Each structure stands twice: as structure tokens, then as C-alpha cells.
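Breakdown of the fold
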Amino acid sequence: MPTPVKDHLILRTVDGAADLLAGELGRLPQVTILSTRTASVTCRIDGELQDLYDCPLYSTAAIPLPGSPHDDGFLDPLHASTETGVLANLPRTFRVHGDSELAVAVSRELGWTNDPRNWSVNLTNAGTGWIAEIGPLYWTRRFGSLERLPWSTNPVVAEVVVRLAKIRPGHRVLDPFCGTGTLLLAAHRQAQSTELIGSDKRSIRLARRNLAARALSASLTTAEAEAIQQPDRSIDRVIANLPFGKRVGSHRDNLRLYPAAIAEIARVLTDDGRAVLLTEDKRLLKDAVARTHGLKIVRERVLRFNGATPTAFVVTRTVGRQSRRR
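What counts, and at which threshold
- Residues numbered from 1 in each chain as written.
- Predicted model: local features only at pLDDT ≥ 70, side-chain atom pairs only at ≥ 80, totals over all residues.
- Heavy atoms only, no water.
- Pairing = 2+ DSSP bridges.
- Helix = DSSP H or I, 4+ residues; strand = E, 2+ residues; numbered from the N terminus.
- Right-handed = clockwise from strand over helix to strand, strands pointing away.
- Buried < 20%, exposed > 50% of the residue type's maximum accessible area, 1.4 Å probe, protein only.
- Polar contact = N/O pair within 3.5 Å; in protein donor to acceptor, adjacent residues only side chain to side chain.
- Contact = heavy atoms within 4.5 Å.
- Salt bridge = Lys/Arg side-chain N within 4 Å of Asp/Glu carboxyl O.
- Axes fitted to C-alpha atoms, helices over the stretch in contact; angles between N-to-C directions.

1. Some thoughts on the pairing of strand β11 (residues 219-222)
Of the strand pairs in this sheet, strand β10 (residues 195-200) and β11 are connected by four bridges, and their pairing is parallel. Residue pairing in the sheet places aspartate 200 in a bridge with threonine 222 of β11. For the handedness criterion, the β-α-β arrangement of β10, helix α8 (residues 205-212) and β11 is classed as right-handed.

Right, here's the structure in full:
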């Protein structure tokens, strides 16, 4: 997307991550942050779109529309975007949610084709106002669809986790609950020269396929998180979406699993290692870390998406003689 554009966009992320998204966008010279909410960032872009296109911290991008569909000037932002904005080089196809009169007006005033199956723009009432979502800027259009399970990590949540992990090139990164590999893929996007290691007690077939589809390699094994197959103090970063005890496992299972898995994480982390663990079984996770010698929680971030409210816990080694390599 090398053509410069001028446009006004709302980028939607997961609730609780807008500050991270705003921070990354704020480093782009062609982007001006206009406002930030808990789950979205409104910005103005004046320049090439590629950097914005490549940012994986948002799920959708949309053009805000003023007022209601019957107001004068409601479609003016779309007129402007087709001239100098994001829509300038897109097919003039659209769909509308729940307003047949608006569909007629768009076709009449803009000359666009109403095509619910093959659309470039989706006009919808987002609750806080009408927006025009841009199809090619959907997360899956930019980064490809993933083979998933019902409990797979939301890909934008995965991006939040790896940023909290502060992954750097050369790190050995482990996900002991890797499932379909979503977190490992996010780790690769964050720092491409990392060594990716994943294990899961269930099949890792989908993780292999997701990585292979992107020509990525990783060391993947079928193994229990309670018995990580890595040497002591050999892992720089651990990233994991732990079973919440809802769709996978149960709280009773977690009473055994969490302390054992945390003990293994403590064993394999390097002296300056860092783990980011996502769960809704929050008290159990806190208790497990508190009872594990040499680890402490240094940060918590609550996220909200799809009815879930997990917390990402950042865990590091405690400072002291006990945690130093002998």
C-alpha cells in the first residue's frame, strides 16, 4: 500500500489495550492520535498506509460517519475517502447492517454496489455511532486466517501478551500451553530472530499447520506443562494462555495444574527471564506464584473481550542470592 492517503480512522483493539496501540501508532510520523478509549484509538493518517497496515494490535479499522443516516453530510467522509483516503484504491462494494434505506442511498449517491458477500466497506452502527469498516484492514485480511479451536487465544490478545513479555531478538521463547500456536506467531512478529518452542498435552497439529502456512519453524512437542522438556534456566521468555477452567479443564484441575506448571516455569526461566501468563482463574494463579520460591508478580493487566475478562500477569524472578545462577 505505497500510495499516500489522508483519512480519519477508528482502530478497534481489545478492551484494556488501547494505550499499547496508541503507543505504537504514536511512533509513526504519518499518524496523529486524536483520542483514545479503552478499546479503540481514533487517529488521522497523512502519508503511506503500510506501517498502519502492518500493526497487529488492532482488529478492525473504520471511518467514522457523522450523525445518523438521514442527516445531511452523513456520507461525506466516504466521498472524501474515495478521493484521497483509504478507499481510493478499493473496489466500490459495500454492505449495510439493518438499514435498507441506507443501502439504497449509498448506491444512489456514491454509485457503489451492494454486495453482502464480497464487500470492501461494511456500514454498521457500532453503538457509539455509525462507522464504515474497511474490509482489507480486518486483522485476518492483513495477517491471514488461523486454524483455531474454540478456546484458542484471540490474536490481538496474543499481541498484547508478547508486548508485555518484552521479547528481544535471540530470546528462547516458550509457550507450554501452545494450542494452535497463536502466541508463538505473535512472538515471531515481535522479534523475528527468536527461537520458538511450544508444547501442549493435546494435539499440536494445528500449531504445526499455522506455523507452516507462514513458513515458520518451531520446536513443537506433545508434553505436559507440569514437565517442561527444557533444561534449567534455559528459557528467556514464557508466554501462555492458561486453561481458565471453563472451556478447557476445570477449577479443580487447575488446583493441581497451576502450582506444578508455575514450578516448572520457575525452573526453566533464566535469571533475567520473564513470563506473561493469561488467565481468568486469577486468585489461583496469584496463590501459585506466591507459593513458588524465586518468582513474583510485577504487573497485571486486565483485558476484556468476547465476554471474558482475563488478566495478563507479568512474572519475573525475585532478586536475591537464591535466584542467581551458581
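2. Observations concerning the side chain of serine 81
With respect to the helices and strands, the residue serine 81 is situated in helix α3 (residues 76-84). Serine 81 sits in the buried class, given a relative accessible area of 0%. Of note is the side chain of serine 81, whose polar atom sits 3.3 Å from the backbone nitrogen of valine 86. Sequence-distant contacts of serine 81, defined by excluding residues within four places in its chain, comprise Asp7, Ile63, Val86, Leu87 and Ala88.

3. Considerations on the pattern of salt bridges
Considering all chains together, one arrives at 13 salt bridges under this definition. The closest approach of N and O atoms between arginine 172 and glutamate 195, which form a salt bridge, is 3.0 Å. Placement of the pair is arginine 172 in strand β9 (residues 172-175) and glutamate 195 in strand β10, with a sequence separation of 23 residues. Residue glutamate 226 is joined to arginine 256 by a salt bridge in which the shortest nitrogen-to-oxygen separation is 2.5 Å. Taken together, the residues span a long stretch of sequence, with glutamate 226 in the loop between β11 and β12 (235-241) and arginine 256 in helix α9 (residues 251-268) at a distance of 30 residues.

4. Notes on the sheet that holds strand β5 (residues 93-96)
Within the open sheet, the eight strands sit side by side as β2-β3-β1-β4-β8-β7-β5-β6. Their pairing is mixed. Looking at strand neighbours, the two that pair on one side only are β2 (31-36) and β6 (113-114), the edges of this open sheet. As defined by bridge partners, strand β7 (residues 121-125) adjoins strand β8 (residues 130-134) across five bridges and the pair is classed as antiparallel. In the strand pairing of β8, threonine 124 is matched with isoleucine 131. Across the face of the sheet, α3 comes into contact with β1 (5-12), β4 (60-64), β7 and β8 while running at roughly 115° to β4.

5. Focus: helix α6 (residues 155-165)
Within α6, eleven of the eleven residues are buried, leaving the element largely enclosed by the surrounding structure. Where α6 starts, the residue carrying a side-chain oxygen 2.8 Å from the main-chain nitrogen of valine 156 turns out to be asparagine 154. Two residues or fewer past α6, lysine 166 is found with a positive phi of approximately 55°.

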